[in-house]
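The chain contents come next:
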Amino acid sequence: MAFIDQIQSAFPASQDGIPELDRLPLVRQEEYLINGELKRWEGAFHEIVSPVCFKTDAGYVPCTIGHSPAHDRQTALAALDSALKAYDLGRGAWPTMSVAQRIKHIEDFTVRMKAKRTDVVRFIMWEIAKNREDAEKEFDRTVDYIRDTLQALKELDRQSSRFLIEQGIIGQIRRAPLGVVLCMGPYNYPLNETFATLIPALVMGNTCVFKPPKLGILLYRPLLEAFRDSLPAGVINTVYGVGEEVIPPLMETGKIDVLAFIGSARVADTLKKAHPHPHKLRSVLGLGAKNPAIILPDADLETTVSECLLGALSYNGQRCTALKIIFVHESIAADFIAKLSVKISALKTGMPWDKDVKITPLPVKNKSEYLDGLVQDAISKGAKVVNPEGGVFAKTLFFPALLFPVAPGMRVYEEEQFGPVVPVVPYSDVSTALEYVHNSHYGQQLSIFGKDPAVIAGLVDPLMNQVSRVNLNSQCQRGPDVFPFTGRKGSAEGTLSVTDALRAFSIRSLFAAKESELNKGIISEITHERKSNFISTDFIF
Ligand code: G3H
């Protein structure tokens, strides 16, 4: 069978061609959460189309999997009002609650969330075509992230559960919330990366307005009741619809205190500019990246090829941390390309529920055509697709294209492809790769492959001032989640990790009093009688 026929036949002909447990009945999501109530939307709806389509004799039939509210400006503002009311200028039940109580609420949420694993995983597979293994990993990693966040907060709170006395001043330092947080995550990790900001924001006492990513909306439907039943009214509120219509009005009010956004720099810039008091806005941003791999002449080829394959093509290359350009020394370029090409050919193409599948449909509209444009541009400027069948596509399924030799002037040299195109640049002097890093607008991570400690050390020291993580003989990645995840230049603002995120969504705040008898008496009574959640020596076990 010709390869194009193989790719085409990976699409099911109808729901009947899909394992029964993975089928998805049409979901009409009418509910949205405002002020602790699941309201029913009676306005317009958006159609949600899966990247999985049906291949019929009449051609490809797009598979509509559901509908979600097309909220308007008024509804978005109502969600913000609800969050403002729950925060109530810092007087609300949630921002003044003890840390231990807030932790209990989030623990309760986690129990309810875990019960929805099957539903959420199925939606991840249908909405963004992540393969089952990775969709399950995303869910489980998120649950672990919440657990570790709560553990880290207990530890942070324990350190704050005592007074300090300095120069005759008694002080107690804790972290206090910042206000109302607007949370928006990306489509490629719709659950995990959204919760990586939402959960720390909530548990630190902020109230939130949350908008699911453009792709990856329905997967939140099973969690709405869990939010409603485990958190006080108004602490979390959901907004749906076209981002350009519903989000700028929220920013224009000047009442958003923190923008937590993972997506494009263009959108982040627009939103920040829409805020009338930029100095009052804290931003926690995860933006673009074009992480390079630098393969030195003495690199161990087996490890290098395996890590580059994973780094460039896990979830079809749709990771902000993906290796998006590979620099290889000319002395080993031919070997590297040959080995990588063989590994790419072995990648199984299919639907997200197919066993061992690696290459799945791409959810972004016209993405195959965009990637094909990058490939054709590179070919017209002297590169070749070196792997058999590379760049062959049918509708949303695009087989990875390994491009060599890639050079400046080709679009793929600069553009963040965010998909299964692997550009490889040969070099004779490592300064070619270093210049690329220096001139890049991005500064997230890079990977060095090699063996010589002196050469590696010589590269690492200056590169550490260009990117925020240098990986040795390993692909770029975000985890483990206790490690700081950030970027320099245009790649990020703020740092996320289990512990860093707690800091990103809070501010150190201090209760202080001169060490007089009167003050000591007041403080003793407050602590003994547990009159305050801030002035407190309670220790969370
Ligand atoms: O899309 C960006 C993600 O943060 C990448 O996370 O390296 O764990 O896949 P990951």
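About the criteria used
- Residues numbered from 1 in each chain as written.
- Predicted model: local features only at pLDDT ≥ 70, side-chain atom pairs only at ≥ 80, totals over all residues.
- Heavy atoms only, no water.
- Helix = DSSP H or I, 4+ residues; strand = E, 2+ residues; numbered from the N terminus.
- Buried < 20%, exposed > 50% of the residue type's maximum accessible area, 1.4 Å probe, protein only.
- Contact = heavy atoms within 4.5 Å.
- Areas by Shrake-Rupley, 256 points an atom, 1.4 Å probe, with all protein chains shown as cover.
- Near = heavy atom within 4 Å.
- Polar contact = N/O pair within 3.5 Å; in protein donor to acceptor, adjacent residues only side chain to side chain.
- Pairing = 2+ DSSP bridges.
- Axes fitted to C-alpha atoms, helices over the stretch in contact; angles between N-to-C directions.
- 1 Å grid on protein atoms, 1.4 Å probe; cavity = no way out; pocket = protein on both sides within 12 Å on 5 of 7 lines; lining within 4 Å.
- Points joined across faces, edges and corners; volume = space filled by probe spheres on them.
- Nonpolar A, V, L, I, M, F, W, Y, C, P; charged D, E, K, R; others polar.
- Right-handed = clockwise from strand over helix to strand, strands pointing away.
- Salt bridge = Lys/Arg side-chain N within 4 Å of Asp/Glu carboxyl O.
- Core = buried A, V, L, I, M, F, W, Y, C linked by side-chain atoms within 4.5 Å.
- Domains from an automatic or database assignment.
- Buried area = accessible area lost by both parts, 1.4 Å probe.

### Some remarks on the overall build of the protein chain
So, point 1. Helix and strand content of the protein chain: 18 helices and 25 strands.
So, point 2. Once the C-alpha set of the protein chain is aligned to its principal axes, its extents read approximately 85 × 60 × 40 Å.
So, point 3. Counting all 541 residues of the protein chain, 55% fall into the buried class.
So, point 4. Partitioning the contacts of the protein chain with sequence separation of at least 6, the portion at a separation of at least 24 is 74%.
So, point 5. Of the roughly 22500 Å² of accessible surface on the protein chain, a fraction of 53% belongs to carbon and sulfur atoms.

### Brief notes about the site of the ligand
So, point 1. What surrounds the ligand is the set Arg141, Asn188, Tyr189, Glu193, Arg319, Cys320, Thr321, Gln477, Arg478 and Phe485.
So, point 2. In the model, an oxygen atom of the ligand is placed 2.7 Å from a nitrogen or oxygen of the arginine 141 side chain.
So, point 3. In this structure, an oxygen atom belonging to the ligand sits 2.8 Å away from a side-chain N or O atom of asparagine 188.
So, point 4. For the ligand, whose unbound accessible area comes to 310 Å², protein coverage reaches 95%.

### Regarding the environment of phenylalanine 327
So, point 1. When you line up the elements, phenylalanine 327 lands in strand β14 (residues 323-329).
So, point 2. Since its relative accessible area comes to 0%, phenylalanine 327 is described here as buried.
So, point 3. In this structure, the C-alpha to C-alpha distance between phenylalanine 327 and lysine 272, residues 55 residues apart in sequence, is 35 Å.
So, point 4. Those residues in contact with phenylalanine 327 that sit more than four places away from it in its chain are Pro292, Ala293, Ile294, Ile295, Tyr413, Val425, Tyr427, Thr432, Ala433 and Tyr436.

### Notes on the sheet that holds strand β4 (residues 45-56)
So, point 1. Read across the sheet, three strands follow the order β1-β5-β4 without closing on themselves; strand pairing throughout is mixed. The open sheet has two free edges, formed respectively by β1 (27-28) and β4, since each of these has just one partner strand.
So, point 2. Relative to strand β5 (residues 59-69), β1 runs parallel, the two being bridged by two bridges. By the bridge assignment, valine 27 is partnered in β5 with glycine 66.
So, point 3. Together, β1, β4 and β5 form the strand contacts of helix α5 (residues 117-128), whose direction differs from that of β4 by roughly 75 degrees.

### Thoughts on empty space enclosed by the protein
So, point 1. What the rule picks out here adds up to two cavities of 30 Å³ or more.
So, point 2. In this structure, the largest cavity spans a volume of roughly 60 Å³.
So, point 3. Lining the largest cavity are Lys290, Asn291, Pro292, Val437, Ser440, Tyr442, Gly443, Gln444, Gln445 and Val467.
So, point 4. For the lining of the largest cavity, the elements supplying multiple residues, two or more each, are β13 (291-295) and β20 (442-443).
So, point 5. Looking at the lining of the largest cavity, its residues break down into four nonpolar, five polar and one charged.
So, point 6. Each pocket or cavity is described by its volume, and for the second largest cavity that value is around 30 Å³.
So, point 7. Taken together, Leu33, Gly36, Phe227, Arg228, Leu231, Pro232, Ala233, Gly234, Val235 and Ile236 form the lining of the second largest cavity.

### Points about the pairing of strand β22 (residues 469-472)
So, point 1. Note that strand β21 (residues 445-449) and β22 share four bridges and pair parallel. The residue of β22 that forms the bridge with glutamine 445 is arginine 469.
So, point 2. Crossover β21 to β22 through helix α16 (residues 453-463) is right-handed.

### Some remarks on the pattern of salt bridges
So, point 1. Under the criterion given, the structure shown has 32 salt bridges.
So, point 2. Note that aspartate 119 and arginine 122 form a salt bridge whose closest N and O atoms lie 3.9 Å from each other. Placement of the pair is aspartate 119 and arginine 122 together in helix α5, with a separation of three residues, close to one helical turn.
So, point 3. Overall, the relative accessible area of 29% leaves aspartate 119 in the partly exposed class.
So, point 4. Two residues, arginine 221 and glutamate 225, come together in a salt bridge whose shortest N-O distance is 3.3 Å.
So, point 5. For glutamate 225, a relative accessible area of 26% corresponds to the partly exposed category.
So, point 6. Salt bridges linked by common partners bring Arg28, Glu30, Glu31, Arg40, Arg221 and Glu225 together as one network.

### Description of the environment of cysteine 476
So, point 1. By the secondary structure assignment, cysteine 476 is in the loop between β22 and β23 (488-489).
So, point 2. Other than its neighbours up to four places away in sequence, cysteine 476 contacts Asn291, Arg319, Thr321, Leu323, Gln445, Leu446, Ser447 and Asn471.

### What to know about the layout of surface pockets
So, point 1. Put simply, the second largest pocket is a space of about 650 Å³.
So, point 2. In terms of lining residues, the second largest pocket is bounded by 25 residues, among which Asp134, Lys137, Tyr189, Ser314 and Arg319 are the most central.
So, point 3. At the level of elements, α6 (132-160), α7 (192-203) and α11 (301-313) are the ones that each hand at least two residues to the lining of the second largest pocket.
So, point 4. In terms of residue count, the dominant contributor to the lining of the second largest pocket is α6 (five residues).
So, point 5. Of the residues that constitute the lining of the second largest pocket, the class distribution is eight nonpolar, seven polar and 10 charged.

### Regarding the nonpolar core
So, point 1. Membership of the largest hydrophobic core comes to 134 residues, with the highest contact counts inside it found for Phe195 and Phe336.
So, point 2. Among the elements that line this core, the one with the most residues is α6, at nine residues.
So, point 3. Counting contributing residues per domain, this core is built from domain 1 (71-286) and domain 2 (291-482), each supplying no fewer than three.
So, point 4. Core analysis: the next-biggest nonpolar cluster, separate from the first, contains 31 residues, Leu296, Leu362, Val425 and Tyr427 among them.

### Section: the sheet that holds β14
Strand pairing in a sheet relies on backbone hydrogen bonds, with the paired strands running either antiparallel or parallel.
So, point 1. If you trace the seven strands from one edge of the open sheet to the other, you get β15-β18-β19-β14-β13-β21-β22, paired in mixed fashion. Every interior strand has two partners, whereas the edge strands, β15 (384-385) and β22, have only one.
So, point 2. Pairing between strand β18 (residues 401-404) and strand β19 (residues 421-427): three bridges, direction parallel. Directly across from alanine 401, in β19, lies its bridge partner valine 421.
So, point 3. Each of β13, β14, β19 and β21 is contacted by α11, which is oriented at about 155 degrees to β14, the strand it contacts most.

### What about the domain arrangement of the protein chain?
So, point 1. Taken domain by domain, the protein chain holds domain 1 (71-286) and domain 2 (291-482).
So, point 2. Taking the mean C-alpha position of each, domain 1 and domain 2 sit 32 Å from one another.
So, point 3. For the pair domain 1 and domain 2, the summed buried area comes to about 1600 Å², and 53% of that belongs to carbon and sulfur atoms.
So, point 4. At the boundary of domain 1 with domain 2, the tally comes to three salt bridges.
So, point 5. In this structure, the salt-bridge partner of lysine 358 is glutamate 133, at a minimum N-O distance of 3.9 Å.
So, point 6. Our enumeration of links across domain 1 and domain 2 arrives at eight residue pairs in polar contact (both at pLDDT 80 or more).

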